[in-house]
Amino acid sequence: MWIPVDMQLAALAVIVVLGGCCVGLILQRHRSYTELQERFVCAVAAVAEFQKLQPELITCLRRIESDRYALRKVVLQVEAKLVELNEEISPSISAAAETQIAGIEKLRDHIDIQQQRLATILENIQESLPMLPQPGPAVTEPAAMAVPAPESGPQTIVTEPPIKSHSHVPATEPAENTDHSRFRRAVLSENPELRFSVLKEWISINALAILHRASRGWNTANDLIANIPAYLLPEAALLNDSVLLIGTREHSERLALPLREMDSSSDFSHWFDPASNGSATTQIAAVLTRSNGDWKLVAKGINSATGLAVG
């Protein structure tokens, strides 16, 4: 059977194309194989290099492990030393703190005692002022008295010494002073208005002592007026733990002292005016009276001892 030439040429072309594709695939596979072989060689070289470095790495890891144990041991020793140091220092610190607190308490007690003594001295001075002797009329003493001699002889002048006036205190004066003090206290006990006036004067002198006492520990308002003389029959109350009200029995008016710095939003701030700059430190209590169940301001006070915290 005879095959046309065209078909033979077409078959030959197909065979050539297929052969070229096969050769291309073979070359590509060979190239891939060559790359894999090179990578494998590199991997083998890396493994060989790692095997060489492995002893050094193991030695380094052992050193790190040894250092870790040594460091842990040092940390434990430091913690133990800190615990021992804390145990040794804590009693010393506690003892020093207790000694300091005891010293401060003694100093405060000493200040309170001195303030109480000062208040007693001022009270005694006030009581003794009305009992001072009043100046009497001046007495003119003759420098000398001339006594004539008898007429029969020569006249001579005999002088007598001047008469000296001695001012002395009667022996009964202490009893009179005691009676006067008792009489004064009796008058105060019967006159609430006069008693409140004396109480107001006493508070104006000793207000800072009351505020100092308020800065320490206290339980009730009566603890803050413990130094007020008992014959003034003092009474005390607190308003919102910030204002101390002091009065006397059978009298409606009360003296108000702020125990801490008054905020402008406080209901009691309008009772007090701040002290002007450059003025002497003073504390003047406000005067209040009861009206329809509320406190009505009679006279404003001056608050210059601010910043005292209530104990």
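What you see as residue numbers is a count from 1 along each chain, following the sequence as written. Residues qualify for local features only when their pLDDT is at least 70, as the model is predicted, and side-chain atom pairs are given and counted only at 80 or more; totals for whole chains, interfaces and linings, by contrast, use all residues. To get the side-chain values, take all heavy atoms of the structure and skip hydrogens and water.

Q: Just give me the short version of the packing of aromatic side chains, but keep the residues and values in it.
A: The rule is short: rings of Phe, Tyr and Trp, with Trp giving its six-membered ring, pair when the centres are within 6.5 Å, and they are stacked under 30 degrees, edge-to-face over 60, tilted in between. Across all of its chains, the model carries one aromatic pair by this definition. Placement of a positive charge over a ring is assigned whenever Lys NZ or Arg CZ falls within 6 Å of the ring centre and within 35 degrees of the normal to the ring plane. Above the plane of the ring of Trp295 lies Arg290, whose end atom (NZ or CZ) is 4.6 Å from the centre.

Q: Break down the sheet that holds strand β7 (residues 283-284) for me, with residues and values.
A: Strands pair, by our definition, only if DSSP identifies at least two bridges between them. Numbering of helices and strands starts at the N terminus; helices are DSSP runs of H or I of at least 4 residues and strands are runs of E of at least 2. Strand order in the open sheet formed by three strands is β6-β10-β7, and the pairing between neighbours is mixed. One side of each edge strand has no neighbouring strand; the edge strands of this open sheet are β6 (272-274) and β7. Sheet topology places β7 next to strand β10 (residues 301-303); two bridges connect them, and they run antiparallel. By the bridge assignment, Gln283 is partnered in β10 with Asn303.

Q: Tell me about the pattern of salt bridges, residues and numbers included.
A: Any carboxyl oxygen of Asp or Glu within 4 Å of a side-chain nitrogen of Lys or Arg constitutes a salt bridge here. Per the counting criterion, the structure on display carries three salt bridges. With a shortest N-O distance of 3.1 Å, Glu235 and Arg254 are connected by a salt bridge. With Glu235 in strand β3 (residues 234-239) and Arg254 in strand β5 (residues 254-258), the pair connects residues that are 19 residues apart, well separated along the chain. Burial classification: accessible surface area is computed with a 1.4 Å probe over protein chains only, and a residue below 20% of its type maximum counts as buried, one above 50% as exposed, and the rest as partly exposed. Assessed through its relative accessible area of 16%, Arg254 is described here as buried. A salt bridge links Lys300 to Asp273; its shortest N-O distance comes to 3.4 Å. With a gap of 27 residues between them, Lys300 in the loop between β9 (294-299) and β10 and Asp273 in strand β6 connect regions that are remote in the sequence. Under the relative-accessibility criterion, Asp273 is labelled partly exposed at 34%.

Q: I'd love a proper account of the nonpolar core, names of residues and values included.
A: As used in this record, nonpolar core signifies buried Ala, Val, Leu, Ile, Met, Phe, Trp, Tyr and Cys residues forming a set joined through side-chain atoms within 4.5 Å. One finds Ile203, Ile228, Leu244 and Ile246 to be the most contacted residues of the largest nonpolar core, which totals 25 residues. Of all the secondary-structure elements, those providing two or more residues to this core are α3 (192-214), α4 (221-224), β4 (243-248) and β5. Sorting elements by how many residues they give to this core places α3 first, with nine residues. Counting 10 residues, the second largest nonpolar core, distinct from the first, contains Val243, Met262, Trp271 and Phe272.

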